[in-house]
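Below, each chain spelled out in residue letters.
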Amino acid sequence: SHGGWRKQTCPRTKYRTLDGSCNNLQNPSWGKAKTTERRLEDASGRPMEAYEDGRSIPRGYPHHLPDARLVSNLISDSALGPDDQFDNIRSGEVMGFGQILAHDLIETQLPSVYNPASRYIFPKEIAVLHLVVTALEDQQLYWDVCRREQRNLVTSYIDASFLYGSSKELNKKTEAAKQLYNLLPTVHGGSGCQMFQKTDRCPIAGDERSAEAPQLSLNHLLFVRQHNRVAIRLHNVNPHWNNEKVFQETRRIIIAQLQHIVYNHYLPLIIGPSAMARYELLSTRPGFDDVYDSEVDASIVNSFGAAAWRFGHSLIMPDISELESDFKTVKLHTLENNLESPHLWQANGGRSVKGITRWLAAKPAQKIDNFLIDGLRNKLFFISQPPGFDLFSLNIQRGRDQGVPAYNDWREFCNLKRFASFYEFGEFASRLSRLYRSVDDVDLYIGALLEKGENGGVGPTFACIIGIQYHRLKVGDRFWYESSDRISGLSEEQIYAIKYSTLFSKLWCNNFEHVKIQRDIFQLPSRANPLTTCEGLPELDLDLWREEKAKK
Ligand code: HEM
Ligand SMILES: [Ca+2]
């Protein structure tokens, strides 16, 4: 009776939908796959947006900002940095986990049709490094409030969408295949990855980017194995449950473990203790904690994906190694030669999986700073798209393409003092002053990576954007793992058990059959974080999920 359009009504389901819809009952599309990324708003309520024309043209285009490749050469070339670029706290898995987490939260849609007119060409220092803008101006679909906005193809929530898929179709495909393989399932033949040998096959996972790099595929593999492991045990505890029930209950456990690890073990190493406290990110109670606020939109924020969470590119190590159980290197591979290929971990029935995963746990990531390894700064994807790309330039370009405001505007947004002159950048001041016309022009990605953070984490500007995003992902998630909701939540004992027992090291150890690992996988083994046996780490007690069988 009211003009045809009706607001979608949501049933109060026990489990999350696959596409994230109906997480927020009043706003069913918040955080849903294939919806618009958000803009943070400044103190006066203006969205943080800096298109050249306020609508679509990339910030600085065509001549107001320095060429991205030039900025990359003068700021990010690792030859300019210290001899030892390795972190002395963070393990390689801080990098590995950071990327799979990125893929849980965001995949910005790129146009499927390459329109030459939409390319912003770099000077030819590395031939034809070009960037295709995220959304073409003729694709009205992506326009929102008269401004070009980007679309996130995956669910914003931390819901292991990289494992379960962000749609029913993908979930069906991966679920059917999962049980059959020790390695990641593949579709026959496969596509979307390099197959260096006849026996190589492209994997399928809940996220299409799973073969992008070997350590990413192995993180996918970890979660597939963990899901199957929990599912088998849960079924043993409740033999009367059907497959769907086992699947959904297992999924809820895996997501709870993931959320617990992200907020309590991972994020503190990225944004440091003060931002953790400021944005109330740690779990502080043993059991229930009802943090849900239906007014909070957990959708991913544009500048989080286009800039802040790309801090992780600086963690990337130049090689991939395999370690024997004595923790000495046995084999060294070059990262750029193994991108977009499953070969390394598929070869010989997966014989290298153990050695590579041991390396990720035991050896350091690179420092969080402004330097990116040569392999990705000069030769990214050079095999499929010679001569290759510069990931650092792409990040700069992407920020401009998505209308990300300049660094100084973000400092103001984050209640930090604006930089009045280039001198405040310290070591890189003179280079920046040669590149940019004004200190107000410096790209967010550049300025923020030049900041120093607590304990070697990201600086205050990225800590602010990341802190706000994770705060929203926590209090804006109706299915948050600490919820006491009687329909969708876990029991208090179950939540307690998850908090007490969940260590990413334990999952890693169990599923990759290691004998020894340090207690906190994200920190290098040390006197405070010594190697221990896997059995020495707590196991989740699935008996707490035992359900009294209906009396016959
Ligand atoms: C071998 C490791 C990695 C490679 C080769 C890689 C490569 C890429 C590439 C090619 C893009 C798209 C760039 C563009 O056109 O805009 C991208 C985007 C991104 N990367 Fe990485 N990356 C890696 C690791 C990481 C890590 C460790 C993190 C975070 C901790 C991360 C976070 C992101 C984010 C947030 C995006 C934006 C996603 C989107 O909006 O679609 N990446 N990466
Ligand atoms: Ca997700």
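Residues numbered from 1 in each chain as written. Chains lettered and ligands numbered in written order. Predicted model: local features only at pLDDT ≥ 70, side-chain atom pairs only at ≥ 80, totals over all residues. Heavy atoms only, no water.

Caption draft 1: Up close: the overall build of the chain. Helices and strands together make up the secondary structure of the chain, namely 17 helices and 12 strands. Taking all 552 residues of the chain together, the buried fraction comes to 60%. Taking as baseline every contact in the chain between residues at least 6 positions apart, the subset at least 24 positions apart corresponds to 73%. Here the chain displays about 23700 Å² of accessible surface, and carbon together with sulfur accounts for 51% of that area. (Helix = DSSP H or I, 4+ residues; strand = E, 2+ residues; numbered from the N terminus. Buried < 20%, exposed > 50% of the residue type's maximum accessible area, 1.4 Å probe, protein only. Contact = heavy atoms within 4.5 Å. Areas by Shrake-Rupley, 256 points an atom, 1.4 Å probe, with all protein chains shown as cover.)

Caption draft 2: Representation of the site of ligand 1 within the structure. Around ligand 1, a shell composed of 20 residues is seen, among which Thr 108, Glu 212, Arg 310, His 313 and Arg 398 lie nearest. For ligand 1, an oxygen atom lies 2.6 Å from a polar atom in the side chain of Thr 108. In this structure, His 313 approaches ligand 1 through a side-chain N or O atom, which is 2.9 Å from a nitrogen atom. Every element with two or more residues in the shell around ligand 1 is listed here: helix H2 (92–105) and helix H11 (391–401). (Near = heavy atom within 4 Å. Polar contact = N/O pair within 3.5 Å; in protein donor to acceptor, adjacent residues only side chain to side chain.)

Caption draft 3: Representation of the coordination of the iron atom of ligand 1 within the structure. Among protein residues, the single donor to the iron atom of ligand 1 is His 313 (NE2), with a metal-donor distance of 2.1 Å. Inspection of the secondary structure assignment puts His 313 in the loop between helix H7 (302–306) and strand E8 (319–323). (Donors = N, O, S within 2.8 Å, 3.2 Å for Na, K, Ca; no water.)

Caption draft 4: Expanded view of the pattern of salt bridges. Applying the stated criterion to the full structure yields 26 salt bridges. A salt bridge links Arg 46 to Asp 42, with the nearest nitrogen and oxygen atoms 3.5 Å apart. Residue Arg 418 pairs with Asp 409 through a salt bridge whose shortest N-O separation is 3.1 Å. For Asp 409, a relative accessible area of 30% gives the class partly exposed. What emerges from the salt-bridge pattern is a single network uniting Arg 69, Asp 77, Arg 377 and Asp 390. (Salt bridge = Lys/Arg side-chain N within 4 Å of Asp/Glu carboxyl O.)

Caption draft 5: Molecular detail of helix H16 (residues 492–501). Taken residue by residue, H16 has Gln 494, Ile 495, Ala 497, Ile 498, Lys 499 and Ser 501 as its buried positions. At its buried positions, H16 is contacted by helix H6 (243–278).

Caption draft 6: Main features of the side chain of Glu 451. Tracing the chain through its elements places Glu 451 in the loop between helix H14 (444–450) and helix H15 (460–475). With a relative accessible area of 12%, Glu 451 lands in the buried category. Here Arg 411 takes part through its side chain, which lies 3.2 Å from a polar atom of the side chain of Glu 451. Excluding anything up to four places from it in sequence, Glu 451 contacts Tyr 407, Arg 411, Gly 459, Pro 460, Thr 461 and Phe 462.

Caption draft 7: Focus on the confidence of the model for the chain. On average, residues of the chain carry a pLDDT of 90, and 90% of them reach 70 or more. Within the model, the stretch residues 114–133 combines pLDDT values under 50 with 56 contacts to residues more than four positions away or in other chains. Here residues 135–141 is modelled with pLDDT under 50, and outside its nearest four sequence neighbours on either side it reaches 14 contacts, counting other chains as well. (pLDDT = per-residue confidence, 0-100.)

Caption draft 8: Expanded view of the packing of helix H5 (residues 214–237) against helix H17 (residues 504–512). Packing of H5 against H17 leaves a shortest axis separation of 9 Å and a crossing angle of 85°. On the basis of their axis angle, the class for H5 and H17 is roughly perpendicular. For the pair H5 and H17, contact is made by Leu 218, Asn 219, Leu 221, Leu 222, Phe 223, Arg 225, Gln 226 and Arg 229 and by Phe 504, Leu 507, Trp 508, Asn 510, Asn 511 and Phe 512, respectively. Tallied by class, the residues present in the contact of H5 with H17 amount to eight nonpolar, four polar and two charged. (Axes fitted to C-alpha atoms, helices over the stretch in contact; angles between N-to-C directions. Parallel < 35°, antiparallel > 145°, perpendicular 65-115°, else oblique. Nonpolar A, V, L, I, M, F, W, Y, C, P; charged D, E, K, R; others polar.)

Caption draft 9: Main features of the side chain of Asp 401. Tracing the backbone through its elements, the reader meets Asp 401 in helix H11. Among the residues examined, Asp 401 registers a relative accessible area of 1% and is labelled buried. For Asp 401, the side chain forms a polar contact with the side chain of Arg 398, separated by 3.1 Å.

Caption draft 10: Representation of the packing of aromatic side chains. Overall, the coordinates contain 25 aromatic pairs when judged by the stated rule. Ring geometry for Phe 97 versus Phe 522: centroids 5.2 Å apart, planes at 55°, classification tilted. Linking Phe 97 in helix H2 with Phe 522 in the loop between strand E11 (516–518) and strand E12 (531–533), this pair joins segments that are 425 residues apart in sequence. Each member of the pair, Phe 97 as well as Phe 522, is classed as buried. Measuring from ring centre to ring centre gives 5.6 Å for Tyr 164 and Phe 247, while their planes differ by 85°; the resulting arrangement is edge-to-face. (Phe/Tyr/Trp six-rings, centres within 6.5 Å; stacked < 30°, edge-to-face > 60°.)

Caption draft 11: Spatial organisation of the environment of Asn 182. Note on placement: Asn 182 falls in the loop between helix H4 (168–178) and H5. Given the relative accessible area of 52%, Asn 182 is considered exposed. When the C-alpha atoms of Asn 182 and Asn 236 are compared, they prove to be 20 Å apart, with 54 residues separating the residues in sequence. With sequence-adjacent residues up to four places away left out, Asn 182 is seen in contact with Leu 221 and Arg 225.

Caption draft 12: Expanded view of the coordination of the calcium ion (ligand 2). Looking at the calcium ion (ligand 2), the protein donor atoms are Asp 104 (O), Asp 104 (OD), Thr 155 (O), Thr 155 (OG1), Tyr 157 (O), Asp 159 (OD) and Ser 161 (OG), and they sit 2.3 to 2.5 Å from it. Spacing between the donor residues of the calcium ion (ligand 2) along their common chain follows D-x50-T-x1-Y-x1-D-x1-S. Looking at Thr 155, the relative accessible area reads 0%, which means it is buried. Under the relative-accessibility criterion, Tyr 157 is labelled buried at 1%.

Caption draft 13: Layout of the packing of H2 against H6. Viewed as axis vectors pointing N to C, H2 and H6 meet at an angle of 125°, and their least axial separation amounts to 12 Å. Judged by the angle between their axes, H2 and H6 are oblique. Crossing angle aside, the handedness with which H2 passes H6 is left-handed. Where H2 abuts H6, its residues Val 94, Phe 97, Gly 98, Leu 101 and Asp 104 lie against Leu 258, Ile 261, Val 262, Tyr 266 and Ile 270. Considered class by class, the residues forming the contact of H2 with H6 number eight nonpolar, one polar and one charged. (Left-handed = near helix turned anticlockwise from the far one by under 90°.)

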